[in-house]
Amino acid sequence: MASSYWVAPSLAANRESVPCRLVPSPPSYTSRSLSLHLGVLIREECQELVLSDGQVLEIMKRLLTELNRGLSKATHDTADVKCFTTFVQDLPNGTEKGKFLALDLGGTNFRVLIIELGGEHHFDMKSKIYAIPQKIMLGSGKQLFDHIAECLANFMIEHDLSSERLPLGFTFSFPLSQRGLTKGYLVQWTKGFDCSDCINEDVVQMLKDAIARRNELGRLNIDEMNPHLCGGRVENYLDKTTPISPERDSNLDLPVLGSLAQHKTSALANYATEAGHSNLRIDVDKIDVKIDVCAILNDTTGTLMSCAWKNFNCRIGIIVGTGSNACYVEKVENVELFEGDKSKPYMVINTEWGAFGDNGALEIVRTQYDREIDSHSINAGKQLHEKMISGMYMGELVRLVLVKFTKSNLLFGGKGSDMLFERGTFFTKFVSEIESDKRGTFTGCRQVLDELGLSHATDQDCVNVRYVCECVSRRAAHLVSAGVATLINKMGQLSVTVGVDGSVYRFHPYFHDLMVEKISELVTPGIKFDLMLSEDGSGRGAALVAAVACRDR
Ligand code: BGC
């Protein structure tokens, strides 16, 4: 998506007009007039999902109050939008250089990355995604960080990095109360994570402890293996040393691994197996991990940094993905909680706006569906703003509306399906797929409905299902826009670039356009803004924060 100064797109051309009042019922229905009538009723029922201009302005006013309460020492503790200090005070300028490791924890997956910044806006990046099983997301903190340390060690071995001591940026996308660039205490879990023994703990320390545990447990006497390792050739205990081909080892018929670190691992594995040390087999990949944690940051900060690296006008970072949040550049004099050296004029603030509304500020717009989502979540009463916006909840919100309309005979002739009535079956990507259909065609919509066992849907049902999706996604886009406009107006800069990332923003066909349209209505006249898609903020942003931190050491 190209960044563009706002040009309100002609959404009207894409949308049907939306009658708000019921048309008088005709005395008797033909099947066409009946389905049209149901469509009108559905639009009427969906009105509670449509934010009026007055509501949006009120939300902006309340959010600004909460942002200021978060920044102020006297009210920070009771504010729902905490505005955490990030200790990031310098933006990158494109000349940063060096090789960095990055960890990215916070969405559905965990990633490890190696990034080489070459100066002159050049960079090279390799990464690997590791799943975080639900058992770990809901297990103990120790299990989570042991898993992270293990993925990191494996990554370092695979990329031949185990002999280096590298600076590391840790993108940890949960609310952290930071006491420094490398000290962050977890305030609460969000987005489906709920590991025990982590709240109020320094997560950087937890990572270091897990690495230390791993190094301690797995420390093998590598020298013992010298005959295998040091000649640059892999041998094993069967004395055959010449591979039949450069890619294959003759004894084991295994691919010959490409790096010294991998040779170590495989040789140790061979040794352990063949010498009958089955207990060693378990520890073979536990080679020392040497890292230097230079920074812990939120994904919004990463987004802001990675966009600022390319465009120095970027001052706001937004995520609309599994969760939702924003950070922005604030004058340090307004950051009452920051007690350090105030000689640098600015500080990136992690608003944690996902918790907006936890004090009741959003009750003017929350619906029965929002309350149901919340009551079934693992963090009831928390992250109420996020639950109206983000990808973790959007599909389920649509499903709840569809269930209600089916039960009241407004959809599918009153006949649902087991899948429709089951929680979590309507994925957020379905919303994007349905809204991607050219208007008047239903290919994506029918595919989704078939998958949900609703192949008996009529064309009018498809029109109505799409309308529900539009109401839910449009409301999310408008809430995000209200938040962005509040920040832009608060900052008062005449021109500002907003870095944006997250699956909802990336993959929803109209989210960007809806945001541009709404923000342009809400910003103070005269202020120019543009939305810039962030390219891998969590990875490159982490390297940049680490690079800027190392530069300052
Ligand atoms: C977290 C934020 C994060 C956002 C987007 C929220 O649930 O609290 O820290 O930035 O998700 O990933």
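See above for the structure.
Given the structure is predicted, the values throughout are model-derived calculations rather than measurements.

K.L.:
Explanation requested: the pairing of strand β10 (residues 314-320) in the structure shown.
P.N.:
Residues in a regular strand point their side chains to alternate faces of the sheet. Across the seven residues of β10, seven count as buried, placing the element largely inside the fold. Pairing of β10 with strand β13 (residues 495-501) involves five bridges; the strand directions are parallel. The partner of G317 across the bridge, within β13, is G499. In textbook terms, the turn of a hairpin is the stretch between consecutive antiparallel strands, and for β10 and strand β11 (residues 324-331) this stretch comprises three residues.

K.L.:
In this structure, what is going on with the nonpolar core? I would like to understand it.
P.N.:
The tendency in soluble globular proteins is for nonpolar side chains to be buried as a group. Residues I318, F426, I488 and F511 are the most contacted members of the largest nonpolar core, which totals 90 residues. The biggest single contributor to this core is helix α15 (residues 459-491), with 17 residues. Residues contacting I318, with those up to four places away along its chain left out, are T303, N325, A326, W353, V480, V484, V498, G499, V500 and D501. Listed in part, the 41 residues of the second largest apolar core include L144, A153, W189 and M206.

K.L.:
Quick question: what am I supposed to make of the sheet that holds strand β3 (residues 97-105) here?
P.N.:
Backbone hydrogen bonds are what pair the strands of a sheet, in a parallel or an antiparallel way. Strand order in the open sheet formed by five strands is β5-β4-β3-β6-β9, and the pairing between neighbours is mixed. A single partner strand is all that each edge strand has here, and the edge strands are β5 (123-131) and β9 (291-297). Neighbouring strand axes in the sheet, compared pairwise and without regard to direction, differ in orientation by 20° on average. The sheet contact formed by strand β6 (residues 166-172) and β9 spans six bridges and is parallel. In the sheet register, T171 faces β9, and the bridge partner there is L297. Together, β3, β4 (109-118), β5, β6 and β9 form the strand contacts of helix α4 (residues 141-158), whose direction differs from that of β5 by roughly 135°. This element, helix α9 (residues 299-310), spans β4, β5, β6 and β9 of the sheet and lies at about 95° to β9.

K.L.:
Would you mind showing me how to read the layout of surface pockets here?
P.N.:
Leftover empty space is mapped by rolling, across the atoms, a probe with the size of a water molecule. Of the volumes computed, that of the largest pocket is approximately 1100 Å³. Surrounding the largest pocket, 41 residues form its lining, T322, G391, M392, Y393 and E396 being those nearest its centre. When residues of the lining of the largest pocket are traced back to their parent elements, those giving at least two are α3 (134-137), α10 (368-375), α12 (391-407), α13 (428-436) and α16 (503-507). It is α12 that provides the largest number of residues to the lining of the largest pocket, a total of seven residues. Of the residues contributing to the lining of the largest pocket, the split by class is 16 nonpolar, 18 polar and seven charged. Of the volumes computed, that of the second largest pocket is approximately 670 Å³. The wall of the second largest pocket is formed by 32 residues, among which D104, G107, T322, G502 and S538 lie closest to the centre. When contributions to the lining of the second largest pocket are tallied by element, the ones reaching two or more residues are β3, β4, β11, α16 and α18 (537-552). No other element matches α16, which puts three residues into the lining of the second largest pocket.

K.L.:
How should I be thinking about the pattern of salt bridges in this particular structure?
P.N.:
It is possible for side chains bearing opposite charge to pair when their charged atoms get close. Scanning the model with the defined rule gives 26 salt bridges in all. With a closest N to O distance of 3.2 Å, E45 and K404 form a salt bridge. With a gap of 359 residues between them, E45 in helix α1 (residues 31-45) and K404 in helix α12 connect regions that are remote in the sequence. Relative accessible area serves as the criterion here: at 33%, E45 is assigned to the partly exposed category. Residue class for K404 comes out partly exposed when judged on its relative accessible area of 28%.

Rules and cut-offs
- Residues numbered from 1 in each chain as written.
- Predicted model: local features only at pLDDT ≥ 70, side-chain atom pairs only at ≥ 80, totals over all residues.
- Heavy atoms only, no water.
- Buried < 20%, exposed > 50% of the residue type's maximum accessible area, 1.4 Å probe, protein only.
- Helix = DSSP H or I, 4+ residues; strand = E, 2+ residues; numbered from the N terminus.
- Pairing = 2+ DSSP bridges.
- Core = buried A, V, L, I, M, F, W, Y, C linked by side-chain atoms within 4.5 Å.
- Contact = heavy atoms within 4.5 Å.
- Axes fitted to C-alpha atoms, helices over the stretch in contact; angles between N-to-C directions.
- 1 Å grid on protein atoms, 1.4 Å probe; cavity = no way out; pocket = protein on both sides within 12 Å on 5 of 7 lines; lining within 4 Å.
- Points joined across faces, edges and corners; volume = space filled by probe spheres on them.
- Nonpolar A, V, L, I, M, F, W, Y, C, P; charged D, E, K, R; others polar.
- Salt bridge = Lys/Arg side-chain N within 4 Å of Asp/Glu carboxyl O.

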